[in-house]
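A look at the structure
The residues making up each chain are set out below.
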Amino acid sequence: MNSTVHSEAGSYEYKYSTFFELKANFSLSWLPRQCAGEEKRVGTRTVVVGHRPVSETDAYVAQKFCDNRIVSSKYTLWNFLPKNLFEQFRRIANFYFLIIFLVQVIVDTPTSPVTSGLPLFFVITVTAIKQGYEDWLRHRADNEVNKSNVFIVENAKQVQKESEKIKVGDIVEVKADETFPCDLIFLASSSIDGTCYVTTASLDGESNFKTHYAVRDTTVLCTDEAIDALTATIECEQPQPDLYKFVGRIIIYGSNQEPIARSLGPENLLLKGATLKNTKKIYGVAVYTGMETKMALNYQGKSQKRSAVEKSINAFLIVYLCILLSKATVCTTLKYVWQSNPFNDEPWYNEKTKKERETFKVLRMFTDFLSFMVLFNFIIPVSMYVTVEMQKFLGSFFISWDKEMYDEEIKEGALVNTSDLNEELGQVEYVFTDKTGTLTENSMEFIECCIDGHKYKDCISEVDGFSQTDGPPKYYGKAEKSREELFLRALCLCHTVQIKEADQVDGLIGHPERKYTYISSSPDEIALVKGAEKYGFTFLGLENDFMKIRNQTNETEMYQLLHVLNFDPVRRRMSVIVRTTTGKLLLFCKGADSSIFPRVQQEEIQQTKVHVDRNAMDGYRTLCVAFKELTQKEYDKIDRQLNEAKMALQDREEKMAKVFEDTEADMHLIGATAVEDRLQEQSAETIEALHAAGMKVWVLTGDKMETAKSTCYACRLFQTSTELLELTAKTVGESERKEDRLHELLMEYHKKLIQDIPKNRGGLKRSWTLSQEYGLIIDGSTLSLILNPSQDSSSSNYKNIFLQICLKCTAVLCCRMAPLQKAQIVRMVKNTKGSPITLSIGDGANDVSMILEAHVGIGIKGKEGRQASRNSDYAVPKFKHLRKLLLAHGHLYYVRIAHLVQYFFYKNLCFILPQFLYQFFCGFSQQPLYDAAYLTMYNICFTSLPILAYSLLEQHINIDTLTSDPQLYMKVSDNAMLQWKPFLYWTFLGAFEGLVFFFGVYFLFQNSSLEDNGKVFGNWTFGTIVFTVLVFTVTLKLALDTRFWTWMNHFVIWGSLAFYVFFSFFWGGVIWQVNNLSFSDSSKIQTPPHPEMKQLWKMQNTSCKVTGQSSRTSTVEGRRPFLKQQRMYFVFAHMLTSVSTWLAIILLIFISLFPEILLIVLKNIKEKNHQTGPFDLPMLVSYRRIENGYVKTEDAVTNLAERYPLRIL
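Residues numbered from 1 in each chain as written. Predicted model: local features only at pLDDT ≥ 70, side-chain atom pairs only at ≥ 80, totals over all residues. Heavy atoms only, no water.

Identification of the chain as Phospholipid-transporting ATPase from Mycteria americana is taken from an unreviewed UniProt entry. Note on the chain: under the UniProt heading Cofactor (unreviewed entry), the record states "Mg(2+)". Database annotation for the chain, UniProt heading Sequence similarities (unreviewed entry): "Belongs to the cation transport ATPase (P-type) (TC 3.A.3) family. Type IV subfamily." (UniProt positions renumbered as here; feature names shortened; annotations may be inferred.)

In structure tokens, the structure reads:
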């Protein structure tokens, strides 16, 4: 994982790409929900503020904590080489080629170790350089942070130090626009009220200001002298990664008074990486430093996701490894069969040495087997892994560079967090999407409210923090004046909104008298406060624990804020306790109707519930508002319980939750609000396109069923003709028989969707298009019954039945979902038969779990922070960008890499098959057909760049066409291009061309004299001709497959062929002239011991390798380092001097490519004649698994396939 550090204006921003799943609401999350109890101190730490001991008589022993150095790098200078090599050789392919290299070094093999060692060295070196560079960037980023300057208060003076030298207990001063160097407990600030504003953009992406509060008793310590005189200790939990959770307390010691204990929560903790805003300076004491800070603890890698292409590559590798073992076994066996004839085993001109005679036959057979393995090992394409990595890495830039996926509003484009899953974007079958902020804008507009059943309607929207209205408020009957005022006061008081002095904004129409804006992490809270303002009640801010509001008569009212009972996803509500100027104690509560209705008087519900249900049907987000008046005795009890809970270091959240539950009971319902979250631009069109592309879209949301259902109709997930099946608390019921009722509904739906529908025998790709479309709606409580049935129930098969129903529906809506339930849904579908590719998309912290669970995770750069985008594999600004990401980029990435993989196996089979056939004509002597230089450079230089360029640039169909015709996506679905049929086609094609190469040249050599002067061509000329035909054929094959030509394609294809010709001339002419002095030594070694047989040996050395004789001396020649041999001296040049030779090369290339050319001609004739009818090439048909078997592509897709031909095989 990478970290990036930006240094600007004396501050830094430290960014991480992955985080744990985070809770959604950060702002003002004080009064943490873990409770009272002094019993245990296990798992806590004690920090002495300023290293000043509590008692002067006690000896102070400093506790040992880690320093403030951040280490995100993976390697050091000393361990880089061994650690990196160990990690690389854990990869099976690299380890395999290492073993082959060692065999070549140790065993007497027919080829030089250079032939396998050099490609392996190239792969290892390139990977090591890439990983080393990335780690160097991490080191540089760490140093920027660790060496930055900070100010520590020591002996009442400011001392400048490097950040890495901060210790736990140091008092740190941070100034405006600086970043907190470690996790600090907020002690004092330049603000009188002891508050400061913070942005956490580098932590969770939220750019809005969050308010933090200093410890009440230290707010006055605003100078270096005053803060240095503080004597206090802090007891807090040990470091843990949850950014939104902190439990602790501070004990302040005075000279003449008892120690004062105050609770500490997240509102008192300033996190490393956050930035101080709109506050001149703050003082804080370091509690967590270095790798123990919350930000560093969140620095962890995601679980590794593997694409379907990788799995296909591994399967194909196993097949080719079996082919390799078979070839080596066959050749070893036939060698000893051939040598069973004594003359073949030991001819009189090539006698065995004494050592060879004494060697055990089994050992000789084993070494021969290894030698054949080495000779044929090039059938396994080691360079394919490097090419695939380069293709993925370089190809990912096309997503980032796509201007159509750039959003002008946020000034950002698409982001690629991992390039390993590019091709997976073209294989998605299920899309799981959040609703709020993903399908909708998460930009709230206050629509209406109801008070005691009376409707009040207006339209108030949030625009840059100011209000705009479409007209005067409309009243539909009025409640009592006192109830109206009570409701509007509740909206003004029950929230976590803060006031910020507004900057001058030119041209903005709003209230000219207003000099401030509202700040909140929740946009609907601001909309509610603005709604109250339009009805005459204006929130003026919080000052010294007093909330100020201006009422309809323009009078200012003051309310003392006593307690805030914060919102959390479990309670789904929040409350405040305030005291009026007359001493009256009031509790105001707002939350979801399911959370409020059980806690109010039942006779008050019905008149409000009508409005809530109607607003939900209209797609609005609803909140209910309630209150109750507290007696002083009741408040004292609540206050005591809350304070006890807040002081606890163990189980604080559970005990706080119990206090909240007891406090928020027996309330009175006042009314409800309706806020609109509008659909994002083109979200409906995007969902329609995904459906047309064969994908099923599921919406997973925490909203009410009615609200979510309305949104699903608006975005066309549900059509008017869709029959909805409901599995909700409403249909299942709340009685003791709810499991029985659930069983009945499941069986009814199962019968309707599975049993009553005839088996699909048509040509339709999606089975639901045969008849009635169905949609399923399920809520969180019912899902819990299905996934977690009770022990005594007969519901063990609920999950399977439910899954079968879901898979038959066109769309599924899951409402009232907890984050964990979202991940469970994704996991359930992901693990079904056939392992369909899943994609999750969301914008909030509550979507992180399903984003990490899916095969592909997409984050929206939305208004709920950047946790989702940081934890995702890809991030896009808007939901509409998903269309092009999948239909265009995903489709092309898959086609490119699938062709790359098949092509690599094909060209290596073409390469090695002639080598295998050659053994039948050289007595299985392990004589190489190709020169060692050709063996080494075939995959590295001669054939690597054309396929890399193809895999980056190829567009077999225009991008605009792919985006506008979603059904083209189905042509390559279900990994269609990497199934066994296409693989066998490529394999047979490679085998056919290998046979043409070898036997075409073999028949050419029936007359070994190819020149008019009678000069004889030898075995190296034979191998060079075969290799030349090979290089030209596989390169021109790729040229025939290319549909989208650029200057780069022309350069690498024709340039590679030109480089081969140039290299062959250079290798055969220049080098051997330089090394000509070694000729006499080589001749001595190769000359047989019988002088009278020299002439016969010369003929044997040049032609016996083609005619079937074995020569042990030539094998020795093949084993010597190829720079000391003159066997290729002018071979290539002399070969081309023969007109018949180069005419034969052209003929063999044409014969090899003839099947491809014939297919292209037939296809063009078919297109020219506009033939219609069923598609007659089964390798072009996409198959999708369904329960009833395999179904072919529907006619519409067939027609599209004919219009935009893509030959998969």
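Now, onward.
A look at the sheet that holds strand 16 (residues 415-416)
To summarise the sheet geometry, strands pair through backbone hydrogen bonds and adopt either a parallel or an antiparallel arrangement. If you walk across this open sheet you meet the nine strands as 16-37-36-35-17-31-34-33-32, and the pairing is mixed. Lying at the two open borders of the sheet, with one neighbouring strand each, are strand 16 and strand 32 (723-727). With five bridges joining them, strand 33 (residues 774-779) and strand 34 (residues 811-815) adopt parallel strand pairing. Paired with L776 across the two strands is V812, which belongs to strand 34. (Pairing = 2+ DSSP bridges. Helix = DSSP H or I, 4+ residues; strand = E, 2+ residues; numbered from the N terminus.)

Describing the packing of helix 28 (residues 932-942) against helix 32 (residues 1019-1041)
When two helices pack together, their arrangement is given by the angle between the helix axes and the distance between those axes. At a closest axis distance of 12 Å, the pairing of helix 28 and helix 32 adopts a crossing angle of 15 degrees. By the criterion of interaxial angle, the relationship of helix 28 to helix 32 is roughly parallel. Here helix 28 and helix 32 pass one another in a crossing that is right-handed. Residues Y934, Y938 and F942 of helix 28 touch helix 32, and the partners they reach there are T1024, F1027, L1030, V1031, V1034 and T1035. Across the contact of helix 28 with helix 32, the residue classes break down as seven nonpolar, two polar and no charged. (Axes fitted to C-alpha atoms, helices over the stretch in contact; angles between N-to-C directions. Parallel < 35°, antiparallel > 145°, perpendicular 65-115°, else oblique. Left-handed = near helix turned anticlockwise from the far one by under 90°. Contact = heavy atoms within 4.5 Å. Nonpolar A, V, L, I, M, F, W, Y, C, P; charged D, E, K, R; others polar.)

Things to note about the packing of helix 22 (residues 780-787) against helix 24 (residues 819-830)
At a closest axis distance of 11 Å, the pairing of helix 22 and helix 24 adopts a crossing angle of 50 degrees. Classified by the angle their axes make, helix 22 and helix 24 are oblique. Classified by chirality, the crossing of helix 24 by helix 22 is left-handed. Contacts between helix 22 and helix 24 involve G780, L783, S784 and L787 from the first element and Q821, Q824, I825 and M828 from the second.

Considering the pattern of salt bridges
All chains considered together, the criterion is met by 39 salt bridges. When the shortest N-O distance is used, the salt bridge between E408 and K411 registers 3.2 Å. Residues K609 and D613 are paired through a salt bridge, measuring 2.9 Å at the closest nitrogen-oxygen approach. Of the two residues, K609 and D613 are both situated in helix 15 (residues 605-617); the distance of four residues between them amounts to about one turn of the helix. Each of the salt bridges in this network shares a partner with another, and the network as a whole consists of R573, R599, E661 and E664. (Salt bridge = Lys/Arg side-chain N within 4 Å of Asp/Glu carboxyl O.)

Describing the UniProt feature "binding site: Mg(2+)" (unreviewed entry) in the chain
UniProt records the feature "binding site: Mg(2+)" (unreviewed entry) for D434, T436, D843 and D847 in the present numbering. Maximum C-alpha separation among the annotated residues is 10.6 Å over a sequence range of 414 residues, consistent with a single clustered spot. With respect to the secondary-structure elements, T436 resides in the loop between strand 17 (430-433) and strand 18 (440-451). Its relative accessible area of 8% is what places T436 among the buried residues. Residue class for D847 comes out buried when judged on its relative accessible area of 0%. Setting aside anything within four residues of it in sequence, one finds D847 in contact with D434, K822 and G842. (Buried < 20%, exposed > 50% of the residue type's maximum accessible area, 1.4 Å probe, protein only.)

Observations concerning the packing of aromatic side chains
Taken as a whole and assessed by the stated rule, the structure comprises 53 aromatic pairs. Centre to centre, the rings of Y934 and Y1060 are 5.8 Å apart; their planes meet at 50 degrees, and the pair counts as tilted. Here Y1060 lies in helix 33 (residues 1047-1074) and Y934 lies in helix 28, a separation of 126 residues in the sequence. Since its relative accessible area comes to 1%, Y934 is described here as buried. Here Y1060 falls in the buried class, since its relative accessible area comes to 0%. Here F998 and F1022 contribute two aromatic rings whose centre-to-centre distance is 5.5 Å and whose plane-to-plane angle is 85 degrees, an arrangement assigned as edge-to-face. With F998 in helix 31 (residues 980-1004) and F1022 in helix 32, this pair connects stretches of sequence that are 24 residues apart. For the pair F998 and F1022, one class covers both residues: buried. (Phe/Tyr/Trp six-rings, centres within 6.5 Å; stacked < 30°, edge-to-face > 60°.)

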